[in-house]
Every structure is written in structure tokens, then in C-alpha cells.
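Read off the chains here:
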Amino acid sequence: MKNIELVSKVIVFSVLVIVVTFYFREYSLDRYNQGILLDKKEYISNFDKYKSELLSSKKDISLPYSLMVTFLGLLIIVGGYELIVFIVSLFIKLMVNNRHSIDIEKKL
């Protein structure tokens, strides 16, 4: 049964890599296109807006708050990944068991 879990992890990881790569590429191309279209006059006219957006974030976020948010974020990411792997492994086990039962029925 460990092989099925390994295959499930490889499948889910591969799909996640493909999906994230696609969205990261689209994000990068969008930013590149924005950079091409941005001219100096527009940037200078919106300088105060850009600066206020950067300064609007809190200067000092407490360490316990940061730790809790990081913990919850990683828990969601890793937990979601493991849940997807579990579901995929269930499908693989179901397919293997169905194939095995069909082979047994043919032999009878």
C-alpha cells in the first residue's frame, strides 16, 4: 500500500507544479506587459499613491501573530496537500481493487 501512496503523491505534486507554473508564468507576463506600458510621466504622477500603499502596511507586526498566521497558513497548505493525496490514493486503490476483482471473475 505504500507504493499507492507514493504514486498518489507524485501525481498530486506533478499536477500542482504544472498548475502553479502556469499561473506564475501568466503573472510574470502580466507584470512584464504592465512594465512595457508604464511611462515615466504616469509613474511620477502616481508616486504618492504607490508610496502610500507601501507605507500603509503595519510597521511592526507582533511575533506571536506572525507565528500563528504562518502556522495556520502552512497547516492549510500541507493539510490540503495531504487531503488531496489521500483522495487520489483512494481512487487508485479503488481502481486497483476493481481491476483485481474483474480478473478474479474472469478466472471463475
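Cut-off values and rules
- Residues numbered from 1 in each chain as written.
- Predicted model: local features only at pLDDT ≥ 70, side-chain atom pairs only at ≥ 80, totals over all residues.
- Heavy atoms only, no water.
- Helix = DSSP H or I, 4+ residues; strand = E, 2+ residues; numbered from the N terminus.
- Buried < 20%, exposed > 50% of the residue type's maximum accessible area, 1.4 Å probe, protein only.
- Areas by Shrake-Rupley, 256 points an atom, 1.4 Å probe, with all protein chains shown as cover.
- Phe/Tyr/Trp six-rings, centres within 6.5 Å; stacked < 30°, edge-to-face > 60°.
- Salt bridge = Lys/Arg side-chain N within 4 Å of Asp/Glu carboxyl O.
- Contact = heavy atoms within 4.5 Å.
- pLDDT = per-residue confidence, 0-100.
- Patch = residues over 30% accessible without salt bridge, like charges linked within 9 Å, V, L, I, M, F, W, Y side chains within 5 Å.

Caption draft 1: The arrangement of the overall build of the protein chain in detail. Scanning the protein chain from terminus to terminus reveals four helices and zero strands. Going through the 108 residues of the protein chain one by one, you find that 6% of them count as buried. As presented, the protein chain carries roughly 10100 Å² of accessible surface, and 69% of it is formed by carbon and sulfur atoms.

Caption draft 2: Looking closely at the packing of aromatic side chains. Scanning the model with the defined rule gives one aromatic pair in all. Taken together, a centroid distance of 5.3 Å and an interplanar angle of 75° make the contact between Phe22 and Tyr23 edge-to-face.

Caption draft 3: Layout of the pattern of salt bridges. In this structure the tally under the stated criterion is one salt bridge. The shortest N-O distance in the salt bridge between Glu82 and Lys9 comes to 3.6 Å. Of this pair, Glu82 sits in helix α4 (residues 63-107) while Lys9 sits in helix α1 (residues 2-37), placing them 73 residues apart in sequence. Residue classification places Glu82 among the partly exposed positions, given a relative accessible area of 35%.

Caption draft 4: Spotlight on the environment of Ile87. Examined against the element boundaries, Ile87 turns out to sit in helix α4. Through-space distance from the C-alpha of Ile87 to that of Ser8 is 8.6 Å; in sequence the pair is 79 residues apart.

Caption draft 5: Representation of the side chain of Ser89 within the structure. With respect to the element layout, Ser89 can be found in helix α4. Take Ser89: its relative accessible area is 4%, and that puts it in the buried class. Excluding residues that lie within four positions of it along the chain, Ser89 makes contacts with Ile4 and Ser8.

Caption draft 6: Region of the structure containing the confidence of the model for the protein chain. On average, the protein chain scores 83 in pLDDT, and the residues at 70 or more come to 87%. Model confidence for the protein chain, summarised as mean pLDDT per element, is weakest for helix α3 (residues 47-55) at 80 and strongest for α1 at 88.

Caption draft 7: Region of interest: a nonpolar patch on the surface. Taken together, Val7, Ile11, Val15, Val19, Phe22 and Tyr23 make up a surface patch of nonpolar side chains, about 560 Å² in accessible area. Mapping Val15 onto the fold places it in helix α1. With relative accessibility at 46%, the residue Val15 sits in the partly exposed group.

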